Amino acid sequence: MTMSEEERELINRLMDLLKRTDEWMEQEAPRVQPGSSLAKDNALTNPHQVSHAAIQSIGTAVDHLHSMRSALMDYENNRLTLHTYAPFTLTRGALENASAAIWMLAPANRKERVRRRLWWELANVKNAESLLNEAHLSEDGGIQRRKDRVLGLADAAGIDRAHLKGKPQYQEYLGEGGRFTEMVDGETNLVYVMWKMCSAVAHGDTWIIPLFDLQMLRPLEPGVSSYRVTAPTPLLYSGVQAAMVLVIRAQELFFQRAAKHF
């Protein structure tokens, strides 16, 4: 399907929006100042420092966005191009990772920040354990040692182990990201809704297809036709814009927590 001028303009705007990721990719990990709020958080969670998890999450979000910027450019033909489905998968990764960083850093209460970081780590250990079991791989007791270490840190910080059960759900930190950046409309958390739509694309769910741009090519048989499917550019632009805002706010929050005067 021939790209309209409006779509071409929006893809150019998308490319311009993502230019900032070039700068982000070159940045060194920010330092946590001694005596800062984040330094105290780190002391309570070491070696599973809050700052390390936040940096990892922000970096993962940036990597997804920068990858999209690279994919938009068709260097062989020297033109911008847009894949149909993959950009939504990349947007999903950026939304959830930037929100996860905000989720860990946002609480004003240190004990809650520590709890979230340890809960996050415990979930990671459980995921590793699940993979080992699925692959029928043996291990030397390292999983239990990791669990014990996390739980020991929780005990030392006065955190009830009952508050570390289960795993943090995507809706929890996406919800936090939406509220923190004020991307809400009444009771609707726009960050979570956008992530939900991107996840549907990533999973190949068919319910999302009517939101794409569809052009019928020809009927194949009664009730069945061939369609060309192209990405809904405005929807993608909104998702990327939201992800960029989340990354910016996550970085700002990190610097605030990492500064000595905070």
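Keep in mind that this is a model prediction, so the values were computed, not measured.

Caption draft 1: Layout of the overall build of the protein chain. Regarding its fold elements, the protein chain presents 10 helices and 6 strands. Taking all 262 residues of the protein chain together, the buried fraction comes to 44%. For the protein chain, contacts bridging at least 24 residues in sequence account for 72% of all contacts bridging at least 6. Of the roughly 14,300 Å² of accessible surface on the protein chain, 50% is carried by carbon and sulfur atoms. One finds the centroid of the 30 positive side-chain charges in the protein chain at a distance of 7 Å from the centroid of its 32 negative side-chain charges.

Caption draft 2: Representation of the pattern of salt bridges within the structure. In this structure the tally under the stated criterion is 15 salt bridges. Residue Lys19 pairs with Asp16 through a salt bridge whose shortest N-O separation is 3.5 Å. Overall, Lys19 belongs to the partly exposed group, its relative accessible area being 45%. Across the salt bridge formed by Arg146 and Glu121, the nearest N and O atoms sit 3.9 Å from each other. Taken together, the residues span a long stretch of sequence, with Arg146 in helix H7 (residues 142–156) and Glu121 in helix H6 (residues 110–134) at a distance of 25 residues. Residue classification places Glu121 among the buried positions, given a relative accessible area of 10%.

Caption draft 3: Expanded view of H7. Its 15 residues give H7 an end-to-end C-alpha distance of 21 Å, which sits within 8% of 21 Å, the value for a rise of 1.5 Å per residue. Those residues of H7 not exposed but buried are Gly142, Ile143, Lys147, Val150, Leu151, Leu153 and Ala154. Structurally, H7 contributes buried residues whose contacts are with helix H3 (37–45) and H6.

Caption draft 4: Quick look at the environment of Val191. Summarising the element assignment, Val191 is placed in helix H9 (residues 190–202). Sequence spacing of Val191 and Glu176 is 15 residues, and the spatial spacing of their C-alpha atoms is 9.1 Å.

Caption draft 5: Inspection of the side chain of Arg115 at higher detail. Relative to the helices and strands, Arg115 is located in helix H6. Within the structure, the side chain of Arg115 is placed 2.9 Å from the side chain of Glu112, a separation counted as a polar contact. Ignoring any residue separated from it by four or fewer positions in sequence, one finds Arg115 in contact with Ile159, His163 and Leu164.

Caption draft 6: Inspection of the packing of helix H5 (residues 86–105) against helix H8 (residues 170–180) at higher detail. For the pair H5 and H8, the least separation of the axes is 8 Å and the interaxial angle reads 75°. Looking at the two axes, H5 sits roughly perpendicular to H8. Only Tyr170, Glu172, Tyr173, Leu174, Glu176, Gly177 and Phe180 of H8 make contact with H5, whose side of the interface consists of Leu95, Glu96, Ser99, Ala100, Ile102 and Trp103. Residue composition of the contact of H5 with H8, grouped by class: 8 nonpolar, 2 polar and 3 charged.

Parameters and conventions
Residues numbered from 1 in each chain as written. Predicted model: local features only at pLDDT ≥ 70, side-chain atom pairs only at ≥ 80, totals over all residues. Heavy atoms only, no water. Helix = DSSP H or I, 4+ residues; strand = E, 2+ residues; numbered from the N terminus. Buried < 20%, exposed > 50% of the residue type's maximum accessible area, 1.4 Å probe, protein only. Contact = heavy atoms within 4.5 Å. Areas by Shrake-Rupley, 256 points an atom, 1.4 Å probe, with all protein chains shown as cover. Lys, Arg positive; Asp, Glu negative; His and termini not counted. Charge placed at Lys NZ, Arg CZ, Asp CG, Glu CD. Salt bridge = Lys/Arg side-chain N within 4 Å of Asp/Glu carboxyl O. Expected span 1.5 Å × (residues − 1). Polar contact = N/O pair within 3.5 Å; in protein donor to acceptor, adjacent residues only side chain to side chain. Axes fitted to C-alpha atoms, helices over the stretch in contact; angles between N-to-C directions. Parallel < 35°, antiparallel > 145°, perpendicular 65-115°, else oblique. Nonpolar A, V, L, I, M, F, W, Y, C, P; charged D, E, K, R; others polar.

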